[in-house]
Amino acid sequence: MSTITEVESLKAKYAKAEQHHLFTFYDELSPEEQTSLIDQLSKLDIERVNRIFKKATSSVALDTSKQNLEPLPDDVFDSTLDADKTKIKEWLELGLDLISQNKVAVILMAGGQGTRLGSSAPKGCYDIGLPSHKSLFHLQAERILRLQNIAQDGKTEEVIIPWYIMTSGPTRSATEAFFKQHNYFGLKEENVIFFEQGTLPALTNDGKIFLETKSTLAVAPDGNGGIYAALRSEKILDSLKARNISYVHAYCVDNCLVRVADPVFIGYCVSKNADCGAKVVRKTSPEEPVGVIALRNGKFSVVEYSEIDPSVAAQKKPNGQLSLGAGNIANHFYTVDFLNRVESFENELEYHIAKKKIKHTDIKAGEFISPSKPNGMKLELFVFDVFPFTERMAVLEVDRKEEFSPLKNAPGTGSDDPDTSRRDIINQHVRFVENTGGKVVPGDGESADHLNFEISPLVSYAGEKLEALKGKTIKTPAVINTSADLDKF
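As the structure is a prediction and not an experimental result, all values here were calculated from the model.

Enquirer: Explain the overall build of the protein chain to me, please; I cannot follow it from the model alone.
Expert: Across its full length, the protein chain carries 13 helices and 24 strands. On C-alpha atoms alone, the protein chain measures out to a radius of gyration of 25 Å, which is about the 23 Å that the 2.2 N^0.38 rule sets for 489 residues. Taken over the C-alpha atoms alone, the protein chain extends approximately 80 × 50 × 50 Å along its principal axes. Residue burial in the protein chain is summarised as follows: out of 489 residues, 52% are buried.

Take a look at the structure:
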């Protein structure tokens, strides 16, 4: 229990910050509620909240006619669609070597709930309807297991790719319970580390913090860019140091095709001596509503499609590709040194304003209000907001159909939904078979556009080790769960 002096001191601090309204109902609260409110206010850096609000609201709206946009320089950009196969093999071998030395970790941004999918569970728990009914978490865990196995070849020391999973407050316990229920999908428990992204208070349009109830603040996750502060506050940077990790692959949970800890990407970025790297996919058209990685006023940035003049978006390179065509997919590489350096420029990062309907307790009437239209704001950082501070950037373009299929929309939407996720994985597995010289044909009652076919990531990470299928015809339904299954056809 706080002393009267401590409470008075805190009240004075909040009065100075012009947030004294948070004590409006203090005297009518129970002792337990008072303690809870004081605990929240004591932990909150109110000066930082005010500073973020002031910076976010004073930022002048982008004048798209004056921003100087340039394509990525050739020396920081390569494409797996165009690169020489020997070069890709070099990147692969370098990446696998670093993984085999236990120099690589993975950070998964998994704070989202599946609300838009009609699920109250964390999005990573979602079953997209594969024959195996594996969740997104399950698929990604098995890709890590397979990659550890590939990199283990001939090594005496156990190869470990630690998996750091960033949850949000609402998803933390459910995510941990899901992993425990499924025995961490075959990974060792000590190598699956959960941590939580931070929150920021929800604010009125003039910067006052909302009370959700008379004794609790209204808060919201601080965006996927909150990852950088969370790595520090949740001691993940300390963990990376203790494990002697040098490089990190970070990605979002909703991409069902993600190549977790992709050795090609890691090898590419390390070969470029990059401190920060990004995977991109080629924009399909100037109008496609996707942000692009480019130079803005000489600095690496993600430029939202709405910020680009249509005439600029349509410009092309001599090879006929879009000049601003590096579509951002939130798939990043970092050196651990860079992640440690973020703190030095954190105060310069630009927070983004999201107008929201904030449920709150009215300060004057003391009544709980659930607004029907936006009445305030949430402030958030995006994971790419560190790009302008990158000294050595590397950008690798990859094949969209092989590496990017996000799950964002409700079933039946027809775009970025469970059906397209399922389709894209199955089509990829069919290509794996075809690339090795086999073929997959629909069985009785099945159609070519809705096959029940799947290859476990434990068998093949990216189409490798399927030579046993050469010349074979696989009739669906069929699921290849183990290497032994390859000999059944």
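Enquirer: Would you explain the nonpolar core in this entry?
Expert: Soluble globular proteins tend to bury their nonpolar side chains together. Ranked by internal contacts, the top residues of the largest apolar core, which has 71 residues, are Leu240, Val248, Tyr334, Leu379, Val386 and Phe387. With sequence-adjacent residues up to four places away left out, phenylalanine 387 is seen in contact with Cys276, Ala278, Ile293, Phe300, Ser301, Val302, His332 and Met393.

Enquirer: Any chance you could explain helix α9 (residues 263–271) here in plain terms?
Expert: Two residues of an α-helix separated by three or four positions point the same way, owing to the 3.6 residues in each turn. With respect to burial, α9 is a largely interior element, 8 of its 9 residues being buried. Among the residues of α9, those classed as buried are Pro263, Val264, Phe265, Ile266, Gly267, Tyr268, Cys269 and Val270. Positive phi shows up at asparagine 273, right after α9, with a value of about 55°.

Enquirer: Quick question: what am I supposed to make of unusual backbone geometry here?
Expert: Both trends apply: most residues other than glycine have a negative phi, and most peptide bonds are in trans. Of the consecutive residues threonine 476 and proline 477, the connecting peptide bond is found in the cis state with omega at 5°. Along the polypeptide, proline 477 turns up in the loop between β23 (473–475) and β24 (478–480).

Enquirer: What am I meant to see in helix α6 (residues 172–181) here?
Expert: Residues of α6 that are buried: Thr175, Phe178 and Phe179. Summarising the axial view, the buried residues of α6 lie within an arc of 95°, below the 170-degree limit, and thus occupy one face. The outward face of α6, more than 90 degrees from its buried face, is lined by the exposed residues Ser173, Lys180 and Gln181. Of the surrounding secondary structure, the elements contacted by the buried residues of α6 are α5 (136–152), β4 (163–167) and β5 (192–196). Just past α6, the residue asparagine 183 takes up positive phi, approximately 50°.

Reading the values: the criteria
- Residues numbered from 1 in each chain as written.
- Predicted model: local features only at pLDDT ≥ 70, side-chain atom pairs only at ≥ 80, totals over all residues.
- Heavy atoms only, no water.
- Helix = DSSP H or I, 4+ residues; strand = E, 2+ residues; numbered from the N terminus.
- Rg over C-alpha atoms; globule rule 2.2 N^0.38 Å.
- Buried < 20%, exposed > 50% of the residue type's maximum accessible area, 1.4 Å probe, protein only.
- Core = buried A, V, L, I, M, F, W, Y, C linked by side-chain atoms within 4.5 Å.
- Contact = heavy atoms within 4.5 Å.
- Arc of directions from axis to C-beta.

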